[in-house]
Amino acid sequence: MKYSDVLGRPYASQSAIYDLPADSQEHKRMDLQHAMLKALVDGLYVPPDLVRKALDPTQRHNKCSVLDVGTGSGIWAVEMAREFPSADVVGMDMVNPANAIETPPNCRFEIGDANLDWGRYAEAFNVVHMRSIASGIKDFKALLRNVAQTLRPEGVILLVSPTHRVYSETKESLEYHDEATPGWSAMAALNEASKRATLKRGGTSATASDYWTELLADIPFYTNVGEKEFWIPIGPWKEGMNESERTAAELLRQNAIAILSAFKPRLLEGGYDEALLDRWSLIAKKELQEMEPKLCMLWKFAWATRSPEPWSPL
C-alpha cells in the first residue's frame, strides 16, 4: 500500500480527493465517531427491521453477506460480524485498519477504491453500509448504481453522514459567515474550508447527503427509500437531554476536537495560509472546550431496498 506524506500525516496515494489521513490517530477518531453514533441510535444501524430481515439466514438461499465501504478503523464491520455470526462481513477501504483489532472469523478486510468498477461484487451482498465517505467519491450517483449491482434482491443499502456544515444553536448554517460576522465560529470556518478544498480537488460528492434520497429514488434499482435526521449538539450544552443524547453530544465534541489536526495538511495543499489555520485551530479548540458558541451538527441516515429490477449498466 502506497502513502503520500503531508506534514507528517499519511494519506492513501490512490485518492487525490479524500480529505482525511489514514493513520492510527485518525482511526482512533473514527472509533469516537462510531461510539457517538451507537449511543445516538442505540445500535449499529437504522432501520433495524430492514437490516435484520435482510440478514435473516432462514429467509435466504445463500449465506448472508455484508459490505462496509470505507471501513476506516474497521470497528463497524467487526461489531456487525459479532452481532451476525452467521453472516460474512467484508470491510473495504483504500488502506487496512491502522490499529490492532480482534477480528471475528466471519470478518475480513480488503483493499479497494469505491470509485472503481464493482463488477467483482455482483449480487454478493445482502447489506451494503457506507458511512462518512462522500468526500472521497467523484460521482455519488454512479456509486449508488454500483451498489445496486452488488446487492442481492431485497438487500439493503445504508448511508450515514453528517451534512458538511456546522450550525448554531438555532440550527442556522454558519457556512457563509466571515470572521467579522457576529456568531462567527472558527470550527465552522475550518469545516467550510475543508469542504471547499475537497470540492476543488474533485470531490464533487462532498455534499451528497443533501440530496442522496433524491438520487436513490431516481435509480430504478431501489425501493422503500427512507431517511432519518438527528440534530446533535457539539457538547452536552443543551438542556433536557437524556443520558444517550448527552453521551452522543459529548462524544461528538471529542470527535470534533480530534479532527482539528486532520484539517491542516490538506488545507495547506489547497493554498490556505498556515498562520491563519493555526489561529483558527486554536480558537476552534477553545470553542469546543468551553462550548461557546453553542454549535450543533445534522447527521443523516438514509436507506433503500434493492428492487427486483435486473441490474444493467447505463
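Overview of the structure. (Residues numbered from 1 in each chain as written. Predicted model: local features only at pLDDT ≥ 70, side-chain atom pairs only at ≥ 80, totals over all residues. Heavy atoms only, no water.)

## A short note on the overall build of the chain
Then step 1. Looking only at helices and strands, one finds eight helices and 10 strands in the chain.
Then step 2. Taken against the 2.2 N^0.38 rule, which gives 20 Å for 314 residues, the C-alpha radius of gyration of the chain at 19 Å falls within 12% of a compact globule.
Then step 3. Principal axes of the C-alpha set define a box for the chain whose edges measure 60 × 45 × 40 Å.
Then step 4. The buried share among the 314 residues of the chain stands at 55%.
Then step 5. A sequence separation of at least 24 residues applies to 71% of the contacts in the chain between residues at least 6 apart.
Then step 6. With an accessible surface of roughly 14000 Å², the chain has 51% of that area assigned to carbon and sulfur atoms.
Then step 7. Averaging the locations of the 35 positively and 43 negatively charged side chains of the chain gives two centres separated by 2 Å. (Helix = DSSP H or I, 4+ residues; strand = E, 2+ residues; numbered from the N terminus. Rg over C-alpha atoms; globule rule 2.2 N^0.38 Å. Buried < 20%, exposed > 50% of the residue type's maximum accessible area, 1.4 Å probe, protein only. Contact = heavy atoms within 4.5 Å. Areas by Shrake-Rupley, 256 points an atom, 1.4 Å probe, with all protein chains shown as cover. Lys, Arg positive; Asp, Glu negative; His and termini not counted. Charge placed at Lys NZ, Arg CZ, Asp CG, Glu CD.)

## Points about the environment of K141
Then step 1. Checked against the element boundaries, K141 lands in helix 4 (residues 140-150).
Then step 2. Along the primary structure K141 and L216 are separated by 75 residues, whereas in three dimensions their C-alpha atoms are 8.0 Å apart.
Then step 3. Aside from chain neighbours lying at most four places away, what touches K141 is L215, D218 and I219.

## Observations regarding the state of the cysteines
Should the sulfur atoms of two cysteines be covalently bonded, the bond is a disulfide.
Then step 1. For the structure on display, the rule yields zero disulfides.
Then step 2. Summary of cysteine pairing: C64 is not part of a disulfide, and the nearest cysteine sulfur, belonging to C107, is at 16 Å.
Then step 3. On the basis of relative accessibility, which here comes to 3%, the residue C64 falls in the buried class. (Disulfide = S-S within 2.5 Å.)

## Focus on the environment of G270
Then step 1. Following the sequence through the fold, G270 ends up in the loop between helix 7 (243-269) and helix 8 (274-290).
Then step 2. Once the C-alpha coordinates of G270 and A193 are considered, the two residues, 77 residues apart in sequence, prove to be 9.3 Å apart.

## A closer look at the nonpolar core
Then step 1. Counting 58 residues, the largest nonpolar core has M80 and M187 as its most contacted members.
Then step 2. Filtering out sequence-adjacent residues up to four positions away, M80 remains in contact with L44, Y45, V51, L55 and V89.
Then step 3. In terms of nonpolar packing, the next biggest core, distinct from the first, is built from 30 residues, A134, A148, W212 and L216 among them. (Core = buried A, V, L, I, M, F, W, Y, C linked by side-chain atoms within 4.5 Å.)

## Describing helix 3 (residues 75-83)
Then step 1. In terms of burial, helix 3 is largely enclosed, as seven of its nine residues are buried.
Then step 2. Burial in helix 3 covers these residues: I75, W76, A77, V78, E79, M80 and A81.
Then step 3. Of the surrounding secondary structure, the elements contacted by the buried residues of helix 3 are helix 1 (24-41), helix 2 (48-54), strand 3 (65-69), strand 4 (88-93), strand 5 (107-111) and strand 6 (125-131).

In short, the description is geometric, and any link to function would need to be established separately.
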